[in-house]
Amino acid sequence: MSTSNPTILDKINASFSGHETFPFRYTWLKKGVDAVDKVKGKPTIFANDDATITLGVGKNMVRSIHHWCQTAGLIEGDGVDADNRRRFVPTDRGDKIFADDGFDPYLEDVATLWILHWQLATNVNRATTWFWAFSIFGQNEFRKEVFIAELIDWTERNTQRISEKSIARDVDCFLRTYVPSHLTKTTIIEDTFDCPLVELNLISSLPDGNTYRFHRGPKPSLPIEIFAAALSDFWEVRFSGNNSLTLANIAYSESSPGRTFLLDEDTLVEYLDKLENLTDGALRYDETAGMKQVHRRKKIAPMELFNQYYRGNPPAY
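Note that the structure is a prediction, hence the values are computed from the model and not measured.

1. Some points on the overall build of the protein
Tallying secondary structure elements over the protein gives 14 helices and eight strands in all. The C-alpha atoms of the protein give a radius of gyration of 20 Å, which matches the 20 Å a tight globule of 317 residues would have. With the principal axes as the frame, the protein shows a C-alpha extent of 60 × 50 × 35 Å. The 317 residues of the protein split such that 52% are buried. Across the protein, every contact between residues at least 6 apart in sequence was considered, and the portion connecting residues at least 24 apart equals 63%. Counting every atom, the protein has about 14,900 Å² of accessible surface; 48% of that belongs to carbon and sulfur. The positive charge centre, built from 36 side chains, and the negative charge centre, built from 44, are 4 Å apart in the protein.

Below, the structure written as structure tokens:
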């Protein structure tokens, strides 16, 4: 019998802080991974007095780097030391991407940005606004105040009461993660460093300065390997007991590739049609008898697909 977990909204510990209002910057994630590296780093660096010197940023930015590295799944807790300071180590994903000899330590490949976007936008507990924006919020065009009001309403109905100011600050950070900054005479210089995810062109601001638009449709810069890795992630988290997934699940479920990457159905089917050749039949899209679904012959680890993309080494499925 197949099993499924049709919703991830049953247990939410919502968070709307931790980033200190800073979207992450190009060098920050490697700084964070290097800082806790088992060989050249210090596992307790984020609790150390010399963290600002080691990372070369202010205290608020130290906390922000720590937040983004955890939220993107690049570092993880590893207990505490003798002084009860929390220890951290790179995750396998963090090490494979950001080590000096990793896949893309300096964020030179847009594929890495898609991976990071996926990690953030599916992290319901540590990046609740990001998850809500892509998986729950249904408007393609929106004004910021409406976005905030609906997020507050959803949060109070599904998790707990959060101050409006906290959510408004989080929404500002969310928008600056994806929307290029516009310089004005009153712009603070620190706010002009765009987040790398701006390159994905997922959200844009309209001329009135307070209306925004999600860009749903084809994503030419999203490689099939990264899409397939996201699908494998989604499958394992949401429907691990199933050997098939419907197109509707992949397109419209919370944290699905369709929602998270803002793909329309036609574009989604184009990706799904490529899976059989990419995975040597481990995944196969089928529309027999009007049933549009992907069949899974064998589970595929996302890291295998990353290796296939970055190193050109196809795994043995």
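2. Brief notes about helix α5 (residues 110-121)
Given a rise of 1.5 Å per residue, twelve residues ought to cover 16 Å, and the 16 Å separating the end C-alpha atoms of α5 matches this to within 8%. Of all twelve residues in α5, eleven are buried, a share of seventy percent or more. Here α5 has its buried residues at Ala111, Thr112, Leu113, Trp114, Ile115, Leu116, His117, Trp118, Gln119, Leu120 and Ala121.

3. Points about the packing of α5 against helix α14 (residues 302-311)
Two quantities define a packed helix pair, namely the angle between the axes and the distance from one axis to the other. Running from amino to carboxyl end, α5 crosses α14 at an angle of 160 degrees, the nearest separation of the two axes being 11 Å. Taken together, the axis directions place α5 and α14 in an arrangement best described as roughly antiparallel. As for how α5 packs across α14, the hand of that crossing is left-handed. Within the contact between the two elements, α5 uses Ala111, Thr112 and Ile115 and α14 uses Phe306, Tyr309 and Tyr310. When grouped by side-chain class, the residues that make up the contact of α5 with α14 number five nonpolar, one polar and no charged.

4. Here we look at the packing of aromatic side chains
Inspection of the entire model under this criterion finds 25 aromatic pairs. Measuring from centroid to centroid gives 5.0 Å for Phe137 and Phe147, while their planes differ by 75 degrees, and the two rings are edge-to-face. A residue pair is termed long-range when its members are at least 10 positions apart, and Phe137 in the loop between α6 (128-135) and β3 (141-143) and Phe147 in helix α7 (residues 144-158) qualify at ten residues. For the pair formed by Phe137 and Phe147, the shared burial category is buried. The rings of Phe24, Trp68, Trp130, Trp132, Phe134, Phe137, Phe142, Phe147, Phe174, Tyr178, Tyr212 and Phe214 are connected pair by pair, giving a single aromatic cluster.

5. Focus: α14
Note: α-helices contain 3.6 residues per turn, so residues at a spacing of three or four share the same orientation. Regarding α14, the residues found buried are Pro302, Met303, Leu305, Phe306, Gln308 and Tyr310. Of the residues flanking the end of α14, it is Gly312, one or two places downstream, whose phi is positive at about 70 degrees.

6. Some thoughts on the pattern of salt bridges
Pairing of side chains with opposite charge becomes possible as their charged atoms draw close. According to the stated counting rule, one finds 20 salt bridges in the structure shown. With its nearest N and O atoms 2.7 Å apart, the salt bridge here joins Lys30 to Asp100. Of the two residues, Lys30 sits in helix α1 (residues 28-35) while Asp100 sits in the loop between α4 (92-98) and α5, which places them 70 residues apart along the sequence. Across the pair Glu254 and Arg238 runs a salt bridge whose closest N-O atoms are separated by 3.5 Å. A residue pair is termed long-range when its members are at least 10 positions apart, and Glu254 in the loop between α10 (247-252) and α11 (257-260) and Arg238 in helix α9 (residues 224-238) qualify at 16 residues.

7. Quick word on the sheet that holds strand β8 (residues 293-296)
Spatial ordering of the open sheet is given by β6-β8-β7, a layout of three strands whose pairing is antiparallel. Edge positions in the sheet fall to β6 (244-246) and β7 (283-286), since each of these pairs with one other strand and no more. Direction aside, neighbouring strands of the sheet carry axes that sit 20 degrees apart on average. Where β6 and β8 come together, three bridges link them in antiparallel fashion. Paired with Thr246 across the bridge in β8 is Gln293.

Here is what the cut-offs are and how they apply
- Within each chain, residues carry numbers counting from 1 in the order of the written sequence.
- Reporting of local features is limited, given that this is a predicted model, to residues whose pLDDT is at least 70; pairs of side-chain atoms are given and counted only at 80 or more, and all residues count toward the totals for whole chains, interfaces and linings.
- For the side-chain quantities, the full set of heavy atoms in the structure was used; hydrogens and water were omitted.
- Helix numbers and strand numbers start at the N terminus; a helix is a DSSP run of H or I with at least 4 residues, a strand a run of E with at least 2.
- C-alpha atoms define the radius of gyration, and 2.2 Å times the number of residues to the power 0.38 defines the globule rule.
- Summary of the burial criterion: residues with accessible area below 20% of their type's maximum are buried, those above 50% are exposed, and those between are partly exposed, where the area comes from a 1.4 Å probe applied to protein chains only.
- In what follows, a contact means two residues having at least one pair of non-hydrogen atoms within 4.5 Å.
- In short, Shrake-Rupley with a 1.4 Å probe defines the accessible areas, and a residue's cover is counted only from the protein chains shown.
- Asp and Glu count as negative and Lys and Arg as positive, but His and the ends of the chain are not part of the count.
- Here the site of a charge means atom NZ of a Lys, CZ of an Arg, CG of an Asp or CD of a Glu.
- By definition here, a helix of n residues has an expected span of 1.5 Å times n minus one.
- Think of each axis as a best-fit line through the C-alpha atoms, taken over the contacting stretch in the case of a helix, with angles from 0 to 180 degrees between the N-to-C directions.
- Should an angle fall under 35 degrees it is taken as roughly parallel, and over 145 as roughly antiparallel, whereas 65 to 115 is taken as roughly perpendicular and any remaining angle as oblique.
- Take the far helix as your reference; a near helix turned counterclockwise from it by less than a right angle gives a left-handed crossing, and one turned clockwise gives a right-handed crossing.
- Here the nonpolar group is Ala, Val, Leu, Ile, Met, Phe, Trp, Tyr, Cys and Pro; Asp, Glu, Lys and Arg are the charged ones; every other residue, Gly included, is treated as polar.
- Whether two aromatic rings pair depends on their centres lying within 6.5 Å, for rings of Phe, Tyr and Trp, where Trp uses its six-membered ring; planes under 30 degrees apart make the pair stacked, over 60 edge-to-face, and the rest tilted.
- In the sections that follow, a salt bridge refers to a side-chain nitrogen of Lys or Arg positioned within 4 Å of a carboxyl oxygen of Asp or Glu.
- The pairing criterion for strands is at least two bridges between them, as found by DSSP.

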